[in-house]
Amino acid sequence: MENIKNKFLKGLVFMFSILAPQFIQAQNIQPERNDTIYLMPKTKFDSIKVKNQLLNGKATIKGTAYTKPPAMQRVIGKNNKILAQHVKITLFPMNEYFEEYLNLKKEQNVKKLKFAFMSNVAFYYRLECITNNAGEFTFSHLMPGKYYLETTIDWSQNRSYNKYVGSGSSNYGTTDYYSKQTYTEQHGDYLKGIVEVKNDGETIEFNLK
């Protein structure tokens with residue numbers, strides 16, 4: 001009886017060894033491809049100079065951030081402003097490094113996976129604020145100099161079109177029938193601008209749009 005049981009167990013082990021997947025250890029693992037083209041400024045980033053630009057001054061930049069639908073989609077006689085409500089506005093001090101970065105952004109090509117990047121150190125030296133429900137923002141305690149402001153507004157718009165659903169014939173000819181269809185169009189608008197503070201203590205009104 002014991003021999004029969006042992007033979008049965010050995011048979012099961014043999015069967016599972018045949019059915020079980022065979023794992024072969026590879027000698028080489030092909031690395032994943034990364035075809036992204038990184039455009040990085042070659043100008044040396046002067047952290048001391050930029051830090052001094054962000055020292056507490058007495059100037060203020062304030063305004064409203066908003067966008068508008070394309071001209072063909074605007075409603076005549078209506079305020080078409082889309083306010084940047086509760087979004088983050090980022091401010092970077094302008095310098096040679098950042099100017100080169102902005103020029104590299106013009107060379108970006110999504111289809112070719114070509115993108116502009118700045119170093120982590122350069123990205124660190126920035127100021128941020130959050131707008132209110134009217135899209136208003138304020139950057140205070142600024143030194144004289146040039147500053148780059150940017151943000152992105154995500155918004156949607158309800159659109160409609162007439163969908164052909166069929167036609168019918170009568171003594172007067174053929175009539176085509178349409179049904180009004182509605183859909184939502186999503187947008188993401190990138191807003192940017194450069195502001196120059198000439199005098200310490202001045203307040204500059206600037207709309208980011």
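The coordinates are above.
Throughout this description, residue numbers start from 1 for each chain and increase along the sequence as written. In view of the model being predicted, local features appear only for residues whose pLDDT reaches at least 70, and side-chain atom pairs are presented and counted only at 80 or more, with totals across whole chains, interfaces and linings using the full set of residues. To obtain the side-chain values, all non-hydrogen atoms of the structure were included, while hydrogens and water were left out.

1. Overview of the sheet that holds strand S10 (residues 173-197)
The strands that make up a sheet are held in pairs by hydrogen bonds between backbone atoms, and each pair lies either parallel or antiparallel.
Thought 1: By the convention used here, strands pair only if DSSP detects at least 2 bridges between them. Strands here are runs of E lasting at least two residues and helices are runs of H or I lasting at least four, both read from the DSSP assignment and numbered beginning at the N terminus. Pairing in this open sheet of four strands is antiparallel, and the strands run S7-S5-S9-S10 from one edge to the other. The sheet is open, and its two borders are formed by strand S7 (127-130) and S10, each paired with just one other strand. The sheet shows a mean angle of 20 degrees between the axes of neighbouring strands, direction not considered.
Thought 2: Bridge count for strand S5 (residues 88-93) against S7 is four bridges, and the pairing is antiparallel. Residue pairing across strands places Lys88 opposite Ile130, the latter belonging to S7. Structural elements are reduced to axes, namely lines fitted to C-alpha atoms, with helices fitted over the stretch in contact, and the angle between N-to-C directions of any two is expressed from 0 to 180 degrees.

2. Considering empty space enclosed by the protein
Thought 1: Buriedness for pockets is judged along seven lines, at least five of which must meet protein on both sides within 12 Å for an open set on the 1 Å grid over protein atoms alone, while cavities are sets there where a 1.4 Å probe fits but cannot get out, and lining residues have an atom within 4 Å of a point. Grid points are joined across faces, edges and corners, and a volume is the space filled by probe spheres set on the points. Taken as a whole and judged by the stated rule, the model has one cavity of 30 Å³ or more.
Thought 2: The wall of the largest cavity is formed by Phe45, Val50, Phe92, Pro93, Asn95, Tyr97, Phe98, Met118, Ala122 and Tyr125.
Thought 3: Elements with a minimum of two residues in the lining of the largest cavity: S5 and helix H3 (96-105).
Thought 4: Its residues assigned to classes, the lining of the largest cavity comprises nine nonpolar, one polar and no charged. Ten residues, namely Ala, Val, Leu, Ile, Met, Phe, Trp, Tyr, Cys and Pro, are considered nonpolar, four, namely Asp, Glu, Lys and Arg, are considered charged, and the remaining ones, Gly among them, are considered polar.

3. Details of the environment of Asp189
Thought 1: When you line up the elements, Asp189 lands in strand S10.
Thought 2: Along the sequence, Asp189 and Tyr66 sit 123 residues apart, while their C-alpha atoms lie 9.4 Å from each other.
Thought 3: Working rule for contacts: check all heavy atoms of both residues, and any pair within 4.5 Å makes them a contact. Every residue in contact with Asp189, bar those within four places of it in the chain, is listed here: Thr67, Lys68, Thr151, Thr152, Ile153 and Trp155.
Thought 4: Counting of polar contacts relies on pairs of N or O atoms within 3.5 Å, with two restrictions inside protein: one atom must be capable of donating a hydrogen and the other of accepting it, and residues adjacent in sequence are counted only when both atoms are side-chain atoms. Of the polar contacts made by the side chain of Asp189, one reaches the side chain of Trp155; its length is 3.1 Å.

4. Observations regarding the layout of surface pockets
Thought 1: Of the volumes computed, that of the largest pocket is approximately 160 Å³.
Thought 2: As for the largest pocket, its lining consists of Pro69, Gln73, Arg74, Val75, Lys78, Asn79, Asn80, Lys81, Ile82 and Gln157.
Thought 3: When its residues are assigned to classes, the lining of the largest pocket shows three nonpolar, four polar and three charged.

5. Structural notes on the pattern of salt bridges
Thought 1: By salt bridge we mean one thing: a side-chain nitrogen of Lys or Arg within 4 Å of a carboxyl oxygen of Asp or Glu. Under the criterion given, the structure shown has three salt bridges.
Thought 2: For the salt bridge of Glu128 with Lys88, the shortest nitrogen-to-oxygen distance reads 3.7 Å. Remark: Lys88 occurs in strand S5 and Glu128 occurs in strand S7; sequence separation between them is 40 residues.
Thought 3: Residue classification places Lys88 among the partly exposed positions, given a relative accessible area of 44%.
Thought 4: With a shortest N-O distance of 2.9 Å, Arg126 and Glu128 are connected by a salt bridge.
Thought 5: Members of the salt-bridge network, linked through shared partners, are Lys88, Arg126 and Glu128. Partly exposed residues are those whose accessible area sits between 20% and 50% of the maximum for their type, while under 20% is buried and over 50% is exposed, using a 1.4 Å probe and protein chains only.

So far we have only geometry, and geometry alone does not tell us how the molecule works.
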